[in-house]
Amino acid sequence: MVQIKRIQEEGADIISVIGEIDASSSIELDLAIAKSVGEGFKKILVDCSALEYISSAGLGVFMSYIEEMKDKNIPLILFGMKEKVANTFQILGLADLLNIRENKQEAKKLADELSV
Amino acid sequence: MLKTKAIIRLAFLGSIIAWLVLVFSDVTVLFSDMKGLPPGVPVWLPRVMLDLFIVCLFYYYKFRVERDESLNFTDLLWKVFATGLIATVVSLVFRLVHNLLGTTTLTSNILFTDFIYQINLGLFISFLLAAYTSWKRLILYQKSKWLIRTWMVFEVCLFAVLVYDSFRIIIPETITTLILIFIGLLAIILSANMRWVAYLNFKQKWTCLLLLLLTFFYLGYFIYTVTRLSESINTQSTSFLDFNSHVFNLCLLAFVLVYSTFSFLVILFNLPTSSVFEQKLEEVVNFQRISQSIQTEQNEESVYNILLESSVSAVFADAAWLEIQSASDGNKLFTYKISERESQEIRDHLKNHNIKGALEQSSDKTKNLSKHLASLKGSRYRSLLAFPIIVKGETIGTLALLKELPEGFNKEMTRIVSAFSNQAGISIENFRLMEQAFQTERYKEELKIAKTVQKSLLPNSLETDPDFEISAFAESADEVGGDYYDTLRINDHLVALIIADVSGKGTTAAFHMSQMKGIFHSLAQQDLDPKEFMDRANRALAYCLERGSFISATYFVVDTTAKTIRYSRAGHCPVLYHKASTGITEYLKDKGTALGMVRGNDYCRLVETNVIQYASGDIMVLYTDGITEAKNQRGDEFDYDRLADALREVTDKKPSEIEKNITHRLYEFSGSKDINDDYTSMTIKFK
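Residues numbered from 1 in each chain as written. Chains lettered and ligands numbered in written order. Predicted model: local features only at pLDDT ≥ 70, side-chain atom pairs only at ≥ 80, totals over all residues.

Engineer: Let's hear about the overall build of chain A: which residues, and what values?
Structural biologist: When helices and strands are tallied, chain A shows four helices and six strands. Element order for chain A, N to C, with α for helix and β for strand: β-β-α-β-β-α-β-α-β-α. Across the 116 residues in chain A, those meeting the buried criterion constitute 41%. (Helix = DSSP H or I, 4+ residues; strand = E, 2+ residues; numbered from the N terminus. Buried ≥ 20, exposed ≤ 12 C-beta atoms within 10 Å, placed from the backbone.)

In structure tokens:
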């Protein structure tokens, strides 16, 4: 099961994902990102430091927003991933499509760079 | 045991014979008395015959009326009425004959009078016995041990009296009086059993009243006739069989009279309350309708309609509405004799005045909200009663009943509508549970189909080649995933291999898998460069994959002349390769994004073609993440290292044995045969 928290910092929406994302909880993640986009945030960061596991459904959620983010010019940056989760993204080749950084500072720095 | 019909006929016959003998003997006795002669027949014969007559008739009625299961209350009274009617008519016929004959010697003959008297006596007693049997049925309608025992005592006493009458046993006066009082008390106690009256509806009560009145009439008529005739005979002689001479007759008459009177009065005084009883009965029926409506009806709406109808009729409401809130279908409003607009007005009015508490389950509903309604202009209603409909602890709607009378609802009405709405809530909850169960069944069926489809997509046989040996293994979990592998011979020296994993589960995964199979079989024939294969596959899938779905795959082309393997990995698990020359077993490193992630022309940048030179003894293991992500009891994953170890142990063996070892190690690790993802692997060993 997953817990999703949202906080706003310096104009960016930081979505913290805590727990595991499987087929059923991926819907919550989808809703959170959709809400964030709908509320007009120009920078969306995803804090994965408490993310234990992500299934193909969860990966699909991130994947489905790639196009939309690119069109709306909103940088979507994931940071703080555990090694296992990062590995999954690496094997699938999602690391090349999404922006992934080590920690919050780097993520924020990238967000600022991309939003100009 | 003689059959009932035979007994009835026998009894009837017996009674006729007894009566004939009675008449004959009584006339003879009287005759001899008149003439002063000694009687030709024993003096006790008439009364014994009368008693025999009574006993035979008693059994006749017992088996005709008492045992007949099909008679209901009004039918019983009709039977009594009919018997009385026949008796009276016959008696009247004889009276008519008597009158027609005028004053002739025959008519003034005492013997003739006696004859007429005995006829009337016989008719009277049969009427009394018919009434007695019917009353017995009515009294014993609701049996209890005590009641049956009392009745038995009563009947035994009556029989004892009959015996006494027959044999004229001498008993002191006080005892006879005591016995008579005792019997009288029993009769009164038994007559208090009037439960059958409650079950009559209004019309039936009136019918019964009428029948009882007629019974009184018959009784009166017979008493009058018998008394008159006996008086006229008495003037000349006393040695005939008189009605009054038998105590039994008097007891019987008294009992029939008492019970008839009680019944009449009870029915009469119950007339006003009969409507309440019928109302209660209707409420119970409606209650049953609500709770049963789920079995018979197919949707929630019918429950709502029945609830509305029943509540309105239970409280005689002038108007009502039922509002149901539903997230999926929006709010629905069912109204009865009130327009939607009016109901909305009232609801808004109440909301504006902040009237709380009308809808809570526990609130006192008799606080009829009349004064609030009075303040609403133009509304003709002065009383409002509202109940929430609760399903699974959540209020899904409101039932509101209106009356034009102020304070028109009492506690009884509140209780009954509360019971209705509770039951409606339960019925709806049951209905929704049934729907859910049905959905689950459907889902299970879907999974079964998906699994069958999936199995059919995997190849029956793998391509063979003198240059390599290949073996594949697939075990699927209950929740169908989408693992796929296949081989295809392009030409005499080229063989294509593929392993793929569709994201997601269930029927959708199975469908995507079949699409992948189609794409593989059509593109592989074209001998494309693996990177090109992936690019084209990606383009084809972009049209059919759903949002958020992707497929990871690795595509190989083995060239047995050049001894090369060219492959492209699209997001799939890295290939495990054992190089025989160095003895090293490791995972190949390469880059490639899964299919379906990028649905435009940019995809070709994200995959590459890799080339390996293979040699004899080299082993390649293709697998899906079900194996590497398999967990043991502690939650550890099987992971890549253990898989590589499992290969290292058996590098000299054939592919099938290598596979066996891998699965052995896998099951050993996971500790159970239960799997929650698909295990798929394809092992190729080069000769």
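Engineer: Break down the overall build of chain B for me, citing the residues and quoting the values.
Structural biologist: On a plain count of helices and strands, chain B comes out with 19 helices and 14 strands. By the burial criterion, 37% of the 687 residues in chain B qualify as buried.

Engineer: How would you sum up helix α8 (residues 202–234) of chain B? Please name residues and give values.
Structural biologist: Since the α-helix packs 3.6 residues into each turn, any two residues three or four apart lie on the same face. Residue and element names in this part refer to chain B. Compared with an ideal rise of 1.5 Å per residue, which puts 33 residues at 48 Å, α8 spans 48 Å between its outermost C-alpha atoms and is within 8% of the ideal. Those residues of α8 that sit buried are Cys-208, Leu-211, Leu-212, Thr-215, Tyr-218, Phe-222, Thr-225, Val-226, Leu-229, Ser-230 and Ile-233. For α8, the secondary structure elements touched by its buried residues are α3 (73–101), α5 (110–139) and α9 (247–270). (Expected span 1.5 Å × (residues − 1). Contact = placed C-beta atoms within 7 Å.)

Engineer: Tell me about the sheet that holds strand β4 (residues 394–403) of chain B, and name the residues and values.
Structural biologist: Residue and element names in this part refer to chain B. Across the sheet, four strands lie side by side as β2-β1-β4-β3; this open sheet has antiparallel pairing. Pairing within the sheet leaves two strands with one partner each, and these edge strands are β2 (332–336) and β3 (383–391). The mean inter-strand angle of the sheet, taken between neighbouring strand axes irrespective of direction, is 15°. Sheet strands touched by helix α14 (residues 411–457): β3 and β4. Its angle to β3, the strand with the most contacts, is close to 25°. (Pairing = 2+ DSSP bridges. Axes fitted to C-alpha atoms, helices over the stretch in contact; angles between N-to-C directions.)

Engineer: Outline the packing of helix α15 (residues 506–524) of chain B against helix α16 (residues 530–544) of chain B, supporting the account with residue identities and numerical values.
Structural biologist: Residue and element names in this part refer to chain B. Where α15 meets α16, the axes come as close as 10 Å, and the angle between the chain directions of the two elements is 145°. Two packed elements cross with a definite hand, and for α15 against α16 that hand is right-handed. The residues of α16 that touch α15, namely those facing Gln-515, Ile-519 and Leu-523, are Phe-533, Arg-536, Ala-537, Ala-540, Leu-541 and Cys-544. Of the residues in the contact of α15 with α16, the class split is seven nonpolar, one polar and one charged. (Left-handed = near helix turned anticlockwise from the far one by under 90°. Nonpolar A, V, L, I, M, F, W, Y, C, P; charged D, E, K, R; others polar.)

Engineer: Give a detailed account of the sheet that holds strand β5 (residues 468–475) of chain B, specifying residues and quantitative values.
Structural biologist: Think of a sheet as strands paired side by side through backbone hydrogen bonds, with each pair either parallel or antiparallel. Residue and element names in this part refer to chain B. Spatial strand order, β5-β14-β13-β10-β11: five strands in an open sheet with antiparallel pairing. The open sheet has two free edges, formed respectively by β5 and β11 (584–587), since each of these has just one partner strand. Within the sheet, the average angular offset between the axes of one strand and its neighbour, ignoring direction, is 15°. Of the strand pairs in this sheet, strand β10 (residues 576–579) and strand β13 (residues 619–623) are connected by three bridges, and their pairing is antiparallel. Looking at β13, one finds that His-578 is bridged to Ile-619. The sheet contacts of helix α19 (residues 655–670) involve β5, β13 and β14 (679–686), and relative to β14 the element is tilted by about 145°.

Engineer: Explain the interface of chain A and chain B to me, using residue names and the numbers behind them.
Structural biologist: Interfaces are often sized by the amount of accessible area the parts lose when they come together. The partner chain B presents 18 residues to the 13 residues of chain A that form the contact. Among the elements of the structure, α2 (56–72) and α3 (83–92) of chain A are those that each provide at least two residues to the side of chain A that touches chain B. Per-element tally for the side of chain A that touches chain B: the top contributor is α2 of chain A, with six residues. Residue composition of the side of chain A that touches chain B, by class: eight nonpolar, four polar and one charged.

Engineer: Can you tell me about helix α18 (residues 639–648) of chain B, naming the residues and giving the values?
Structural biologist: Residues and elements named next belong to chain B. Along α18, the residues that are buried comprise Leu-643, Ala-646 and Leu-647. Each buried residue of α18 sits inside an arc of 100° when the element is viewed along its axis, so together they form one side. Turned more than 90 degrees from where α18 packs its buried face, Asp-641 and Asp-645 sit exposed. Its buried side turned inward, α18 meets β10, β11, β13, α17 (625–628) and α19. (Arc of directions from axis to C-beta.)

Engineer: A description of the pairing of strand β1 (residues 2–9) of chain A should follow, citing residues and the corresponding values.
Structural biologist: Residue and element names in this part refer to chain A. Pairing between β1 and strand β2 (residues 12–21): eight bridges, direction antiparallel. Its bridge partner being in β2, Lys-5 is matched across the sheet by Ser-16. Where β1 hands over to β2, the hairpin turn is made up of two residues, of which Glu-10 adopts a positive phi near 50°.

Engineer: Describe the environment of Arg-569 of chain B, and please don't skip the residues or the numbers.
Structural biologist: On the secondary structure map, Arg-569 of chain B appears in strand β9 (residues 564–570). Expressed as a C-alpha distance, the spacing of Arg-569 of chain B and Ile-498 of chain B, which sit 71 residues apart in the sequence, is 9.9 Å.

Engineer: Got a sec to walk through the packing of helix α1 (residues 26–38) of chain A against α2 of chain A? Specific residues and values, please.
Structural biologist: Helix packing for two helices is described by the angle between their axes and how far apart those axes are. All names here are of chain A. Contact geometry of α1 with α2 gives a least axis separation of 9 Å together with a crossing angle of 20°. The orientation of α1 relative to α2 falls into the category roughly parallel. Here α1 and α2 pass one another in a crossing that is right-handed. On α2, the residues that touch Ser-26, Leu-29, Asp-30 and Ile-33 of α1 are Ala-57, Gly-58, Val-61 and Tyr-65. Residues that form the contact of α1 with α2 fall into these classes: five nonpolar, two polar and one charged. (Parallel < 35°, antiparallel > 145°, perpendicular 65-115°, else oblique.)

Engineer: Residues and numbers for the nonpolar core, please.
Structural biologist: One finds Leu-45 of chain A together with Ile-498, Ile-551, Leu-595 and Leu-647 of chain B to be the most contacted residues of the largest nonpolar core, which totals 102 residues. Sorting elements by how many residues they give to this core places α15 of chain B first, with eight residues. Excluding anything up to four places from it in sequence, Leu-595 of chain B contacts Met-534, Ala-537, Asn-538, Leu-541, Phe-550, Ile-551, Ala-553 and Ala-570 of chain B. Trp-19, Tyr-61, Phe-63 and Val-226 of chain B belong to the second largest nonpolar core, which has 60 residues in total. (Core = buried A, V, L, I, M, F, W, Y, C linked by C-beta atoms within 7 Å.)

Engineer: Please give an account of the confidence of the model for chain A that cites residues and values.
Structural biologist: Per-residue confidence for chain A gives a mean pLDDT of 87, with 99% of residues at or over 70. Model confidence for chain A, summarised as mean pLDDT per element, is weakest for helix α4 (residues 104–115) of chain A at 84 and strongest for α3 of chain A at 90. (pLDDT = per-residue confidence, 0-100.)

Engineer: Can you break down the environment of Ile-14 of chain A residue by residue, with the values?
Structural biologist: Residues and elements named next belong to chain A. You can see Ile-14 is positioned in strand β2. The sequence separation of Ile-14 and Ser-36 amounts to 22 residues, and the corresponding C-alpha distance is 9.2 Å. Setting aside residues no more than four positions away along its own chain, Ile-14 makes contact with Arg-6, Ile-7, Glu-9, Leu-45 and Asp-47.

Engineer: Describe the confidence of the model for chain B, with residues and values.
Structural biologist: Summarising the model, chain B shows a mean pLDDT of 82, and 90% of its residues fall at 70 or more. Complex prediction metrics read pTM 0.56 and ipTM 0.89.

Engineer: Report on unusual backbone geometry, specifying residues and quantitative values.
Structural biologist: Most peptide bonds are trans, and most residues other than glycine sit at a negative phi. In the Ramachandran plot, Glu-10 of chain A falls in the positive-phi region, its phi being about 50° despite a non-glycine side chain. Note on placement: Glu-10 of chain A falls in the loop between β1 and β2. Residue class for Glu-10 of chain A comes out exposed when judged on the 9 C-beta atoms lying within 10 Å of it. The residue Asp-639 of chain B is not glycine, and still its phi comes out positive at about 65°. Within the secondary structure, Asp-639 of chain B is located in helix α18. Judged by C-beta crowding, with 14 C-beta atoms within 10 Å, Asp-639 of chain B ranks as partly exposed.

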